[in-house]
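Reading the structure
Spelled out, the chains give:
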Amino acid sequence: MMSKGQAVRLSVLAVWFVTGFASPVSASEGTFSLFPALKPETERLQISGAMDTAAIAPLIRDFQKQRPDIAVAYNDRVTNDLYEDADAACMAKTSFADVILSSSVDHLVKLANDGCARSYQSQYTVNVPEWTQWRNEVYGFTFEPAVLVYNSDYVAPDEMAATHGELADLLRRKNDYYFRRVGTYDLRTSGIGYLLAFLDAQQVSATYGRLLESMSRTESALYCCNNDVLRRLESGELYIGYNILGSYAYAAQKRNPKLRITMMRDYTHILSRGVLLPRYAKNYRLGESFLDYLLSPQGKAVALQEGISFPWDGVPPSDINAPGSLLTSGIGRPIRIGPSLLAAQDQMRRQRFIGDWQDVMLPASLEP
């Protein structure tokens, strides 16, 4: 996994198919993948993103059908490292990528606020939902609820909590059973984990506090990334995964039907994964083309078909325990892309929030 101060590990996936595609199957956070052009290459699009290579691959491949002379280089990063490197490149006025993708939309809003984004409008950008764009500089292109995932071999569906308060009570009541069997994000390393926790605390602070305490009592396992939790849920090492992005969770459920997904009935955060065009991009025209593709009906159809996005009408797939519609039921809480997210990136507030979280989740006796 790439991190600042360490050598960058580039796992170049150069498996060439008859179609000329690179294989992203074994990719994970911190990898570089090259998707060769379908015809003689004339240009190369550089994308850096906090999105699994296997997840974005169908979008890249479909984009290349429209632009067969374009090769795509994709660098899959961890959210915090992605932000830090993009910010450093912006401050130095150097090129970092032609497109940046991230689930940590607060990072993208901060970059845009600091003058690191290129404004762009087109026939596709003008029709996006109002809550998924800011200043024509940051756009959301998916609809992804944060969900609870559990392994039905170890958790009965009728026992699964329906609200955040019920989850806190379940873990407290059956502390021995769930001891070290719950997985969630490590806020020190996960940008999306921090954002979701920050927003949880703004919903009902007392409930968030109770849930945090219950997770601490069970010594919940902490990870940087969604798939780290999901792999351990599939193996049975973990029983419950908290605040997992719906797209990754649904893909895992399709692989393993023992995994079940439920959406909290008190509230469910809805993320629209963000895209930003860096101000100092070398090939910004290509970046604009890819942004248009993501927001186009074709791009949205592929994202829905591949499980990268849930339906934009808020109605989840039928095999998920959820209300009829996240939007009309009032349960869904869309994460509005805009200046309100800057509060999450205020350094003093962020340090204090993570410090308070760490005091509960990582008491001195449990520090690694």
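Now for a look at the structure at hand. (Residues numbered from 1 in each chain as written. Predicted model: local features only at pLDDT ≥ 70, side-chain atom pairs only at ≥ 80, totals over all residues. Heavy atoms only, no water.)

**Quick look at the pattern of salt bridges**
- Inspection of the entire model under this criterion finds 19 salt bridges.
- Linking Arg172 and Glu213 is a salt bridge whose minimum nitrogen-to-oxygen distance equals 3.3 Å. Of this pair, Arg172 sits in helix 4 (residues 164-173) while Glu213 sits in helix 7 (residues 205-217), and the two are 41 residues apart along the sequence.
- For Arg172, a relative accessible area of 40% puts it in the partly exposed group.
- Residue Glu213 is classed as partly exposed on the basis of its relative accessible area, which comes to 33%.
- Note that Arg231 and Asp228 form a salt bridge whose closest N and O atoms lie 2.5 Å from each other. (Salt bridge = Lys/Arg side-chain N within 4 Å of Asp/Glu carboxyl O. Helix = DSSP H or I, 4+ residues; strand = E, 2+ residues; numbered from the N terminus. Buried < 20%, exposed > 50% of the residue type's maximum accessible area, 1.4 Å probe, protein only.)

**Considerations on the packing of aromatic side chains**
- Scanning the model with the defined rule gives 15 aromatic pairs in all.
- Ring centres of Trp131 and Trp312 lie 6.3 Å apart, and the angle between their planes is 45 degrees; this geometry places the pair in the tilted category. With Trp131 in the loop between helix 3 (105-113) and strand 5 (133-134) and Trp312 in the loop between helix 11 (297-305) and strand 14 (332-334), this residue pair connects regions lying 181 residues apart in the sequence.
- One aromatic cluster is present, built from ring pairs that chain together Tyr154, Tyr177, Tyr178 and Tyr239.
- One cation-aromatic arrangement involves Arg135 over Trp134; the distance from NZ or CZ to the ring centre is 4.1 Å.
- Positioned above the aromatic ring of Trp312, the side-chain terminus of Lys300 is 5.0 Å from the ring centre. (Phe/Tyr/Trp six-rings, centres within 6.5 Å; stacked < 30°, edge-to-face > 60°. Lys NZ or Arg CZ within 6 Å of the ring centre and 35° of its normal.)

**A short note on the state of the cysteines**
- Applying the stated criterion across every chain yields a total of two disulfides.
- With its sulfur 2.1 Å from that of its partner, Cys90 forms a disulfide with Cys116. Taking the sign of the S-S torsion, about -90 degrees here, the bridge from Cys90 to Cys116 comes out left-handed. Note that Cys90 is positioned in helix 2 (residues 79-91) and Cys116 in the loop between helix 3 and strand 5, a separation of 26 residues in sequence. Cys116 matches Cys90 in its accessibility class, with the two residues each being buried. (Disulfide = S-S within 2.5 Å.)

**Section: the packing of helix 6 (residues 191-203) against helix 13 (residues 347-361)**
- Running from N to C, helix 6 and helix 13 point in directions that differ by 85 degrees, and their axes come no closer than 11 Å. Here helix 6 is positioned roughly perpendicular relative to helix 13, judged by the angle of their axes. When helix 6 is examined against helix 13, the residues Tyr194, Ala197, Phe198 and Ala201 are found in contact with a partner set consisting of Arg349, Arg350, Phe353 and Ile354.
- Of the residues assigned to the contact of helix 6 with helix 13, the class counts are six nonpolar, no polar and two charged. (Axes fitted to C-alpha atoms, helices over the stretch in contact; angles between N-to-C directions. Parallel < 35°, antiparallel > 145°, perpendicular 65-115°, else oblique. Contact = heavy atoms within 4.5 Å. Nonpolar A, V, L, I, M, F, W, Y, C, P; charged D, E, K, R; others polar.)

**Describing the pairing of strand 1 (residues 31-35)**
- Counting buried positions along strand 1 gives five out of five residues, so the element sits mostly inside the fold.
- Alternating positions in strand 1 separate into two faces, Thr31, Ser33 and Phe35 on one and Phe32 and Leu34 on the other, with burial throughout.

**What to know about the nonpolar core**
- The biggest cluster of nonpolar side chains holds 111 residues, and the ones touching the most others in it are Leu167 and Ile240.
- The element best represented in this core is helix 6, accounting for eight residues. (Core = buried A, V, L, I, M, F, W, Y, C linked by side-chain atoms within 4.5 Å.)

**A word on helix 2**
- Relative to the 18 Å expected for 13 residues at 1.5 Å per residue, helix 2 spans 18 Å between its end C-alpha atoms, a close match to the ideal helical length.
- Within helix 2 the residues assigned to the buried category are Thr79, Asn80, Asp81, Leu82, Tyr83, Ala86, Ala89 and Cys90.
- Check the buried side of helix 2 and you find it contacts strand 2 (43-50), strand 4 (99-102), helix 3, helix 6 and helix 13.
- One or two positions beyond helix 2, positive phi appears at Lys93, with a value near 60 degrees. (Expected span 1.5 Å × (residues − 1).)

**Quick word on the sheet that holds strand 4**
- The strand order 1-3-2-4-13-6-5 describes an open sheet built from seven strands, whose pairing is mixed. Each of the sheet's edge strands pairs with one partner strand only, and the pair in question is strand 1 and strand 5. (Pairing = 2+ DSSP bridges.)

**What to know about unusual backbone geometry**
- Phi angles above zero are rare outside glycine, and Arg135 is one such case at about 55 degrees.
- Residue position: Arg135 is located in the loop between strand 5 and strand 6 (138-140).
- Of note in this structure, Arg180 is not a glycine but carries a positive phi near 60 degrees.
- Tracing the sequence through the fold places Arg180 in the loop between helix 5 (175-178) and strand 8 (182-185).

**Quick word on helix 7**
- Here helix 7 spans 18 Å end to end across 13 residues, near enough to the 18 Å set by a 1.5 Å rise per residue.
- Along helix 7, the residues classified as buried are Thr207, Tyr208, Leu211, Leu212, Ser214, Met215 and Ser216.
- Against the buried residues of helix 7 lie helix 4, strand 8, helix 6, strand 10 (240-245) and helix 13.

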